[in-house]
Amino acid sequence: EALDNYVNGQTIFLVGDIEGNVTVDQVEGKDYVIDGNGYNYDGTIYIDGNSRNDGTETVVIRNFNFATDSSDINFIEQNSADGAVRYAHNVTIENCSFRATGVNVVAVKIRQGYNITIKNCVADGVTRANDSGMHSLGQFYGCTGITIAPIRQYFASFPAGICALV
């Protein structure tokens, strides 16, 4: 609901822990700032770039504690090859933590996007027993302008690697 009523220049602040999925629809002239305010988020933030390969609008996602016990999810994603939703763009993810105890969890997964920045985040792999915990901090396919700034990671072992660029 806050995204539907968003006015440029405002910041959306979470006021408590939340579960479920939400879609940020990148449309011309809207620069989103979404502040998790240190609360826990168990779900996926989908970024719909509306197949705009030249968009200038921005999305800032900051101060979230992404945490899940679920498996096979991505906390932040644009993973569709569908031409209508690709090209997440000008996205900054900052001061977030990512923690998972499920299997095959990815913090940020972007397909066909550009200008994606992850900075000052913490990734906690919890455990790799039975391949559980964070699979990777980032997976980027067909993307340009990827920046990953200081990241703290806590993994017992991390055979999949912290990031995959394809």
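Before going into details, it helps to say that this report is about the structure given with it. Only a predicted model underlies this, so the values are computations on that prediction, with no experimental measurement involved. (Residues numbered from 1 in each chain as written. Predicted model: local features only at pLDDT ≥ 70, side-chain atom pairs only at ≥ 80, totals over all residues. Heavy atoms only, no water.)

1. Some points on the packing of aromatic side chains
Inference 1: Taken as a whole and judged by the stated rule, the model has seven aromatic pairs.
Inference 2: Seen in terms of ring centroids, Y6 and Y32 are 4.7 Å apart; in terms of plane orientation they differ by 35°. Their pairing is tilted. With Y6 in the segment before β1 (12-13) and Y32 in strand β4 (residues 32-35), this residue pair connects regions lying 26 residues apart in the sequence. For the residue pair Y6 and Y32, the accessibility class agrees, reading buried in each case.
Inference 3: Ring geometry for Y41 versus F66: centroids 5.7 Å apart, planes at 80°, classification edge-to-face. (Phe/Tyr/Trp six-rings, centres within 6.5 Å; stacked < 30°, edge-to-face > 60°. Helix = DSSP H or I, 4+ residues; strand = E, 2+ residues; numbered from the N terminus. Buried < 20%, exposed > 50% of the residue type's maximum accessible area, 1.4 Å probe, protein only.)

2. Re the state of the cysteines
Inference 1: In total, this model carries zero disulfides according to the counting rule given.
Inference 2: Between C96, a cysteine without a disulfide, and C121, which holds the nearest cysteine sulfur, the sulfur-to-sulfur distance is 4.8 Å.
Inference 3: Exposure remark for C96: the relative accessible area of 2% places this residue in the buried category. (Disulfide = S-S within 2.5 Å.)

3. Topic: unusual backbone geometry
A negative phi holds for most residues other than glycine; trans holds for most peptide bonds.
Inference 1: One non-glycine residue, D72, adopts positive backbone phi at about 60°.
Inference 2: Summarising the element assignment, D72 is placed in the loop between β8 (65-68) and β9 (74-78).
Inference 3: Backbone geometry at N115 places phi at a positive 55°, although glycine is not the residue there.
Inference 4: Here N115 is to be found in strand β13 (residues 114-119).
Inference 5: Given a relative accessible area of 36%, N115 falls into the partly exposed group.

4. Comments concerning the layout of surface pockets
Inference 1: Its boundaries defined by the atoms lining it, the largest pocket holds a volume of some 240 Å³.
Inference 2: Taken together, 14 residues make up the lining of the largest pocket; nearest its centre are A2, L3, I12, L14 and V22.
Inference 3: Those elements giving two or more residues to the lining of the largest pocket turn out to be β1 and β3 (22-25).
Inference 4: Looking at the lining of the largest pocket, its residues break down into 12 nonpolar, no polar and two charged. (1 Å grid on protein atoms, 1.4 Å probe; cavity = no way out; pocket = protein on both sides within 12 Å on 5 of 7 lines; lining within 4 Å. Points joined across faces, edges and corners; volume = space filled by probe spheres on them. Nonpolar A, V, L, I, M, F, W, Y, C, P; charged D, E, K, R; others polar.)

5. Description of the sheet that holds β4
Inference 1: As summarised here, the arrangement of the six strands in space is β1-β4-β7-β10-β13-β16, forming an open sheet in which the pairing is parallel. Two strands in the sheet have a free side with no partner beyond their single neighbour: β1 and β16 (144-148). (Pairing = 2+ DSSP bridges.)

6. Thoughts on the pairing of strand β10 (residues 89-94)
Inference 1: For β10, a buried count of six out of six residues is recorded, marking the element as mostly surrounded by other parts of the structure.
Inference 2: Bridge analysis of strand β7 (residues 59-62) against β10 gives four bridges, and the strand direction is parallel. Counted as the bridge partner of V60 is T92 from β10.
Inference 3: As defined by bridge partners, β10 adjoins β13 across five bridges and the pair is classed as parallel. When the bridges of β13 are listed, I93 appears paired with I118.

7. Observations concerning the nonpolar core
Inference 1: Ranked by internal contacts, the top residues of the largest apolar core, which has 37 residues, are I61, F64, F66, I76, I93, F98 and V108.
Inference 2: Top element by residues in this core is strand β12 (residues 105-111). It accounts for four residues.
Inference 3: With near-sequence residues (within four places) excluded, F66 lies in contact with Y41, I45, I61, F75, I76, C96, S97, F98 and R99. (Core = buried A, V, L, I, M, F, W, Y, C linked by side-chain atoms within 4.5 Å. Contact = heavy atoms within 4.5 Å.)

8. A closer look at the environment of S71
Inference 1: Locating S71 in the fold gives a position in the loop between β8 and β9.
Inference 2: The class for S71 is partly exposed, based on a relative accessible area of 34%.
Inference 3: In the structure, S71 is positioned 63 residues away from M134 in sequence and 9.5 Å away in space, judged by C-alpha atoms.
Inference 4: Those residues in contact with S71 that sit more than four places away from it in its chain are G102, V103 and V105.
Inference 5: For S71, the side chain forms a polar contact with the main-chain nitrogen of V103, separated by 2.8 Å. (Polar contact = N/O pair within 3.5 Å; in protein donor to acceptor, adjacent residues only side chain to side chain.)

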